[in-house]
Amino acid sequence: MRLLLVEDSPRLQLSVATALRRSGYAVDTAGDGEEGLWLAESHSYDLLILDLMLPKLDGLEVLRRLRAGGRDTHVLLLTARDTVADRVVGLETGADDYLVKPFALEELLARVQALCRRSYGSKSSVLIVLDLEINTLARTVRRAGRLVDLTSREYLLLEYLARRAGQVVSRTEIEAHIYDARVDPMSNVVDSAICAVRKKIGLPHEPPLIHTRRGLGYVLAQIMTGTSTP
């Protein structure tokens, strides 16, 4: 999942971004409201983590402009203001959740995970596609009961495909949701990751679960006719 963190404190921005990346998320960062708004309007994020007290443009104004422009990205507000009135204003402006500083990184990660599930209309922490089982809380994957060892980025790729099981997902969509701005768009990271995941979740004498639709993208589904999986 690709997240945008808008936080003007360099120390807090670094610690939160590092924790999110270690958990496998692709993270873009901004240090002021204007840059944050530009990034949020220019890219497709699964979640926006937005500080309220920002230079140039405060967090509430960023949120207002995003909602006025039709952007429905889930938003988690970060703030030092701990009054009911402040929380109400944030939620009424269009925020989906609210976290008061100082906070534990574990709580932030739990809220991020819950909001990402909500982005795909899912309340369950377990995704099942045929004999593939993905536990999004434990971040574990099992195929036919066998535990599959994936890197954090491979896990996120498989989870994203599973949340859209049966749908063709383009390479561009995968890049937008799994990789941050630090990845070269001309690289073959998506193809390499798909090959690695396909190999790891594969079973002997069984057809692959991830299918390639040439010129379109990839789909995680049952056996499909007219597909190729090089």
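In this text, all values refer to a predicted model and were calculated from it rather than measured experimentally. Numbering of residues starts from 1 in every chain and runs along the sequence as written. The predicted nature of this model means local features are confined to residues of pLDDT at least 70 and side-chain atom pairs, given and counted, to a pLDDT of 80 or more, with totals for whole chains, interfaces and linings taken over all residues. The basis for every side-chain value is the complete set of heavy atoms in the structure, and neither hydrogens nor water enter the calculation.

> What should I look at first to understand the packing of helix α6 (residues 152–163) against helix α7 (residues 171–178) in this one?
Relative placement of two packed helices is described by the angle separating their axes and the distance separating the axes. Inter-axis angles, ranging from 0 to 180 degrees, are taken between N-to-C directions of lines fitted to C-alpha atoms, where helices are fitted over the stretch in contact. Put simply, DSSP H or I for four residues or longer makes a helix, DSSP E for two residues or longer makes a strand, and each gets a number counted from the N terminus. Closest axis-to-axis distance for the α6/α7 pair is 11 Å, and the angle between their directions is 125 degrees. Considering their axes alone, α6 and α7 lie oblique with respect to each other. Note on packing geometry: the crossing formed by α6 with α7 is right-handed. Between α6 and α7, the residues in contact are R153, L156, L157, Y160 and L161 and E173, I174, H177 and I178, respectively. For classification purposes, an angle smaller than 35 degrees is called roughly parallel, one larger than 145 roughly antiparallel, one from 65 to 115 roughly perpendicular, and anything else oblique. Should the near helix be turned anticlockwise from the far one by less than a right angle, the crossing is termed left-handed; should it be turned clockwise, right-handed. Every residue pair with non-hydrogen atoms within 4.5 Å of one another is taken to be in contact.

> Teacher, can you tell me more about unusual backbone geometry here?
Backbone phi values are negative for most residues with the exception of glycine, while trans is the configuration of most peptide bonds. With an omega of -10 degrees, the peptide bond running from K101 to P102 counts as cis. Looking at where P102 falls in the secondary structure, it is placed in the loop between β5 (97–100) and α5 (105–119). Phi is positive for A144, which is not a glycine, with a value near 55 degrees. Mapped onto the secondary structure, A144 falls in the loop between β8 (140–143) and β9 (146–148). Even without being a glycine, H205 presents a positive backbone phi close to 65 degrees. Inspection of the secondary structure puts H205 in the loop between α8 (189–201) and β10 (210–213). Exposure categories follow from relative accessible area, calculated using a 1.4 Å probe and restricted to protein chains: below 20% of the type maximum is buried, above 50% is exposed, and the middle band is partly exposed. We classify H205 as exposed; its relative accessible area is 84%.

> Looking at this structure, how should I read the sheet that holds strand β1 (residues 2–6)?
Within a sheet, each strand pairs with its neighbour through backbone hydrogen bonds, oriented either parallel or antiparallel. For two strands to be treated as a pair, DSSP must find no fewer than two bridges joining them. Strand order in the open sheet formed by five strands is β2-β1-β3-β4-β5, and the pairing between neighbours is parallel. Edge positions in the sheet fall to β2 (26–30) and β5, since each has one partner strand and no second. Strand-to-strand twist across the sheet, computed as the mean angle between neighbouring axes with direction ignored, equals 20 degrees. By the bridge criterion, five bridges tie β1 to β2 in an arrangement that is parallel. Residue pairing in the sheet places V6 in a bridge with A30 of β2. In this fold helix α2 (residues 33–42) packs onto β1 and β2, with an angle of close to 140 degrees to the strand it touches most, β2.

> Help me understand the nonpolar core, please; the structure alone is not making it clear to me.
Note that soluble globular proteins tend to have their nonpolar side chains buried in a common cluster. Within the largest apolar cluster, 27 residues are counted, with the highest numbers of intra-cluster contacts made by L158, I174, I210 and L220. Elements represented by at least two residues in this core include exactly β6 (126–129), β7 (132–135), α6, α7, α8 and β11 (217–220). Within this scheme, the nonpolar core is defined by two criteria: the residues are buried Ala, Val, Leu, Ile, Met, Phe, Trp, Tyr or Cys, and they are joined through side-chain atoms within 4.5 Å. If you look at the next biggest cluster of nonpolar residues, it comprises 20 residues, including L48, L52, L57 and V75.

> How do you make sense of the confidence of the model for the protein chain when you look at a structure like this?
Predicted coordinates in areas of low pLDDT are best not read in detail. Scored between 0 and 100, pLDDT is the confidence that the predictor attaches to each residue. Of all residues in the protein chain, 91% attain a pLDDT of 70 or more, and the chain-wide mean is 86. The spread of mean pLDDT over the elements of the protein chain runs between helix α4 (residues 84–93), the lowest at 80, and strand β3 (residues 47–51), the highest at 95. Low pLDDT, under 50, characterises residues 223–230; the predicted model gives this stretch 19 contacts beyond four residues in sequence or across chains.

> I'm lost on the pairing of β6 in this one. Help?
Across a regular strand the side chains alternate sides, sitting on one face of the sheet and then on the other. Along β6, the buried face is formed by L127 and V129; none of V126 and I128, which line the opposite face, is buried. One ladder, built from four bridges, connects β6 with β7; its direction is antiparallel. Paired with I128 across the bridge in β7 is E133. Hairpin connection of β6 to β7: two residues between the antiparallel strands, including L130 at a positive phi of 55 degrees.

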